[in-house]
Every structure is written in C-alpha cells, then in structure tokens.
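Residue strings, one per chain:
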Amino acid sequence: MWPDRLVWSVAIRGLLGSGRLTALTMVVVSVSVILVIFLTSLIEGLRLQLVAETTGAIPHIVIEPAERKPIAPNRLSTSEELVIGRRSAWTRELEKVEDWRRWAGFVEDFDESIVAVSPNVDGQGFIARGEERKAVRIYGVEPERFDAIIGIEKNIRRGRFLRLAPGECVIGEALAESLGVDIGDRVRVTTSTGTRADKRVAGVFLTGFGALAEGSLLVTLGDGQSLFDVGSAFTS
C-alpha cells in the first residue's frame, strides 16, 4: 500500500527543512554501508586464504601400503599341533608399493573428481651444510605431478622447481636461512637408513604452511628411490 499524500509531504518537508541533518544522515548511512561491504570482503578473503594455505599444502587423500604386523607361529596353523619357535627382533622396513605407474593410472581413472595424482618416496633424514645439521622430511617426487597438488612453483622465491634435475634439491626459505645456503650451494643429505648423497640447491620456496617450508627437502623421484633404496617402487 502506497503512503498517502500527507506522509509524503511530511517526509519531503523534513528532508528539505533541515539540510545539515539530511546530509549528515546520508553520510552516516553511506559510511556504514561501505564498512559493512569492506568487513564482509575482508573476512571472506581471509577465509579463502586460510583454506587455500591449509588445504594447498597437504594432499587431500594419501594412499599408503598396509602396515605389516607380525603373526605368531601358532596362529599360522589351523590344527592343534604344538608349534615351537624362536623369538627374534622384527626389523621395521620402509613400506613400499611396486609399479607406481599402474597405480597412478588406476587412481586417476577411479573418479572424475580426482584432479591430480603424485607418487612419492618420502622418509626422515638430515640435511647438513658445514657444522649446521637439520632434521627434514625428504620427498622424492615428480615435480609436475607434485606441483599440481602442492603449488611449489608459484611459491618459488629463487631458482626453479618444475625443471628439477637429478642431483638437485629444493628447500624452504626458512631452512635455507638456518643453514646459510642459497641457489647453487651443495648440501649433504643423509636418510634415516644411513644413505648419504650430496645435492645442489636448485630452488628456495616460501609457503604459508610453516612445517613444509621449515622441514622439507624435495628431490626427484629417482633420487628419492635411490636414497631410500626402494628400487622402482614408491611409498605413498
């Protein structure tokens, strides 16, 4: 229902009768609307940045080989025969999966919503330069596949990642500063199994995920397989 003529006349007379009050009211309303739009955009931008930094630094799904569990000899027998065995230490080996290309193709074709698959060989180790020595997580990756999941190339500060060659490595900026190394410097990499190799720093990256930038070392998939002695297999 439209307001009657009396209401309109009172409203117009109120607006025109006090110009300063009308101008002040318009300014206050305009500033309030601008603040609401600004704060809404800021909160939404922070939310999107937080989600991107969190989910962009880790894979959404990780496929790993089943963990081996020792079985007592008496459980292997289906009869009531007495089983005599000897207690021995169980050597824990790096779990691996053979024929990564077949598995990568299977996962890629499993569902159309899967956008990228990256076979990795990863394990604990150390990186050293002179007297400085830091514990790191070593990742042997195919740069193009890995970058499709965790965007390293776009966060490269110096050097490169996608054209990573055998004998080279990429590390986080915080790790590079703590070791005092830069592009072209050589570092000594030692795995948890005792394998050692010298690598040349080919790239330095910085992401919003501190654990990745401070404690990760990236090498080619072939170098990772050699360091952890898994042949042509992968670990995840």
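Here the structure is shown first, and the text comes after it.
Described in the following lines is the structure provided in the data block. Just so we're clear, the structure is a prediction, and the values are computed from it rather than from any experiment.

## A look at the overall build of the chain
Broken down by element type, the chain carries 7 helices and 7 strands. If you list the helices and strands of the chain from N to C, you get α-α-α-β-β-α-β-β-α-β-β-α-β-α. Split into buried and exposed, the 236 residues of the chain put 31% on the buried side. Residue pairs in contact within the chain that sit at least 24 positions apart in sequence constitute 69% of those at least 6 positions apart.

## Details of the pattern of salt bridges
Charged atoms that come close allow side chains of opposite charge to pair. The full count for this structure, using the stated rule, is 8 salt bridges. Put simply, Arg-158 and Asp-182 hold a salt bridge, and the shortest N to O gap is 3.0 Å. A residue pair is termed long-range when its members are at least 10 positions apart, and Arg-158 in strand 3 (residues 156–159) and Asp-182 in the loop between helix 5 (173–179) and strand 5 (186–191) qualify at 24 residues. Arg-158 gets classed as partly exposed once you look at its relative accessible area, which sits at 30%. Here Glu-168 and Arg-200 are joined by a salt bridge, their closest N and O atoms 2.5 Å apart.

## Regarding the side chain of Thr-191
Along the polypeptide, Thr-191 turns up in strand 5. Excluding its chain neighbours within four sequence positions, the residues that come into contact with Thr-191 are Gln-124, Gly-125, Ile-138, Leu-227 and Phe-228.

## Things to note about helix 7 (residues 221–228)
With 6 of 8 residues buried, helix 7 lies mostly within the body of the structure. Burial in helix 7 covers these residues: Leu-221, Asp-223, Gly-224, Gln-225, Leu-227 and Phe-228. At the exit of helix 7 stands Asp-229, carrying a positive phi of roughly 55°.

## Observations regarding the nonpolar core
Counting 22 residues, the largest nonpolar core has Ile-127, Ile-138, Ile-171 and Leu-217 as its most contacted members. Elements supplying a minimum of two residues to this core: strand 1 (121–129), strand 2 (132–141), strand 4 (168–172), helix 5, strand 5, strand 6 (196–205), strand 7 (216–220) and helix 7. Ignoring anything within four residues of it in the chain, the contact list for Ile-138 reads Val-121, Asp-122, Gly-123, Gln-124, Gly-125, Val-189, Thr-190, Thr-191, Leu-217, Val-219, Leu-227 and Phe-228. Core analysis: the next-biggest nonpolar cluster, separate from the first, contains 12 residues, Val-141, Leu-164, Val-170 and Ala-202 among them.

## Some points on the packing of aromatic side chains
Inspection of the entire model under this criterion finds 2 aromatic pairs. Taken together, a centroid distance of 6.4 Å and an interplanar angle of 40° make the contact between Tyr-139 and Phe-146 tilted. The partly exposed category is assigned to Tyr-139, whose relative accessible area is 21%. Judged by its relative accessible area of 5%, Phe-146 is buried. Ring geometry for Phe-146 and Phe-161: centres 6.3 Å apart, planes at 65°, overall edge-to-face. Taken as a pair, Phe-146 in helix 4 (residues 143–149) and Phe-161 in the loop between strand 3 and strand 4 lie far apart in primary sequence, 15 residues in all.

Reading the values: rules and limits
Residues numbered from 1 in each chain as written. Predicted model: local features only at pLDDT ≥ 70, side-chain atom pairs only at ≥ 80, totals over all residues. Heavy atoms only, no water. Helix = DSSP H or I, 4+ residues; strand = E, 2+ residues; numbered from the N terminus. Buried < 20%, exposed > 50% of the residue type's maximum accessible area, 1.4 Å probe, protein only. Contact = heavy atoms within 4.5 Å. Salt bridge = Lys/Arg side-chain N within 4 Å of Asp/Glu carboxyl O. Core = buried A, V, L, I, M, F, W, Y, C linked by side-chain atoms within 4.5 Å. Phe/Tyr/Trp six-rings, centres within 6.5 Å; stacked < 30°, edge-to-face > 60°.

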